[in-house]
Amino acid sequence: MSLALPVPRLRTLSPVLPVVAVVALLALPVSPGGEGGAGPADALSALVVLFCAVRLLRQRRRPLSRTAAVVLGLPVAGLALAAMGASSPGAGIGGLGRYLQVFVLVPAAVLLLIRDRSDFRLLAWSFVGLAGWQGAVGVHQYVTGTGASYQGEEIRAVGTFGAQDVMGMATVVSFGLVCAAGLALGRSSVRQRAIATACALGLLLPLALSFSRGAWIATAVTCSAQLVLAGLRRAVRAGAVVLAAGVVLVGGFGVGTAMLQERIGSITQVADAPDQSVTDRYTMWAAAAGMWREQPLTGVGLKGFPEHRDAHASLALSAGSDTEGAGAGYRKQPLLSPHNMYLLVLGEQGLIGLLALAGSWLALLVCALRGLLRAHRAPGLDCALVACGLLVWQLTDFLYADIGGPSTVLTAVVLGLAAWWALVGAEEAPGGEEPAKPAGRARALGSGGREEALGR
């Protein structure tokens, strides 16, 4: 008897399948020694945007509601201004394209391609599936000593992303764990909740073996928020299960190695005795703040951080981080970003850019939480918890990381999922799926109809 994932059966091919393919492409290995930039998933995401545009033209649909257009389009003004202030036209155009891809175009395409909550759940399960694959590869790397180098041993779980992107697997596994937790805490079938719970517990091990402090903190904050938002009784039951799983992992399987315990303990020592990676991060944060003080409104321009870093950084900054293992040789990886998305935007785009981007994210979070409150009285609680959880995780992780690397395209998909729930999904019919209506009826509703209001 096979145990299949409870993916909804679709009568017709879902338009969200190209987005699922983007997620699936991240299961492919990254070439050792690669630069960690745009990859096949990024190229496919561009085709997804094109596919969405063609689909809208053929169906003669209005792309977005006014609210969605304002929320998703808010970053454009700040990005355009920062692109004009870049050091070169190439840097401005390249930076503008990357930011538009991650924060505007792909999220809008995902929002428009999701038809209903069944499509949303299909995409959420694809995150869980990718996390399971990357997590399995990561655990194998730890057990066999074929992972990235960590304290002289090649044991760090990095999945197929390699040593040049040590945060890639941690990000993917965290997204999958958050999706599984949201699906498990919803009011769906017992079978779906049981499988989702098993997946969430299973993903704890590869997340621990990633040795990523930022991912640990963001996941702990997010799962705690999901438990609280799901209700007190669910929170107590789920907390007991997680505690039991932790006892089994640490006591039964010996996961609590000395290195892991030391890594956990270092979270509370960032002020007293920080290691070099923390020192570098603090130094780069100070450099980004210095750039902002130099150009408070518009920043130093897109992709300007590497050029202005040395002029604002202290001598405590090292030459780069050492990477090795997982099929790649030793390499000194340059520090080209502050590893804090908010400070990166503040330094390169100034206060205008930060208010535009952060304002868009805050609007999505407020709308998503408002929809979650309604979901407690109607179906769709699992979708609400997934969307809110992913958004909380991303906004928390931005305190310790920024965009870059093959896994960045997942950030765009996450924002699209959250945008669909915040701006469309929470308004669906009580039955959970959008009711089919005759075309004539949709036209008769005029500007007050839901189809036109939502751009459907």
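Refer to the preceding data block for the structure.
Read on for an overview of the structure. Note that the structure is a prediction, hence the values are computed from the model and not measured. (Residues numbered from 1 in each chain as written. Predicted model: local features only at pLDDT ≥ 70, side-chain atom pairs only at ≥ 80, totals over all residues. Heavy atoms only, no water.)

Applying the stated rule across the entire model yields ten aromatic pairs. Considering the side-chain rings of tyrosine 342 and tryptophan 361, the 6.0 Å spacing of their centres and the 75° angle between planes classify their relative orientation as edge-to-face. Here tryptophan 361 falls in the buried class, since its relative accessible area comes to 4%. (Phe/Tyr/Trp six-rings, centres within 6.5 Å; stacked < 30°, edge-to-face > 60°. Buried < 20%, exposed > 50% of the residue type's maximum accessible area, 1.4 Å probe, protein only.)

Okay, unusual backbone geometry next. Negative phi values dominate among residues other than glycine, just as trans dominates among peptide bonds. For phenylalanine 211, which is not a glycine, the phi torsion comes out positive at approximately 55°. With respect to the element layout, phenylalanine 211 can be found in the loop between α7 (190-209) and α8 (213-230). Exposure remark for phenylalanine 211: the relative accessible area of 1% places this residue in the buried category. (Helix = DSSP H or I, 4+ residues; strand = E, 2+ residues; numbered from the N terminus.)

Next up on the list: the side chain of serine 407. Mapped onto the secondary structure, serine 407 falls in the loop between α14 (381-397) and α15 (408-423). Accessibility expressed as a relative area gives 7% for serine 407, which makes it buried. If near-sequence neighbours (up to four positions away) are discounted, serine 407 is found in contact with Phe161, Asp165 and Gly168. (Contact = heavy atoms within 4.5 Å.)

On to the environment of glutamate 153. Summarising the element assignment, glutamate 153 is placed in strand β2 (residues 153-156). Here glutamate 153 falls in the partly exposed class, since its relative accessible area comes to 40%. Sequence separation of glutamate 153 and glutamate 324 is 171 residues, and the distance between their C-alpha atoms is 9.8 Å.

The next thing to look at is the pairing of β2. Relative to β2, strand β1 (residues 148-150) is paired through three bridges, and the arrangement is antiparallel. Looking across to β2, one finds that alanine 148 is bridged to arginine 156. Connecting β1 to the antiparallel partner β2 that follows it, the hairpin turn spans two residues, and glutamine 151 within it adopts a positive phi of roughly 55°. (Pairing = 2+ DSSP bridges.)

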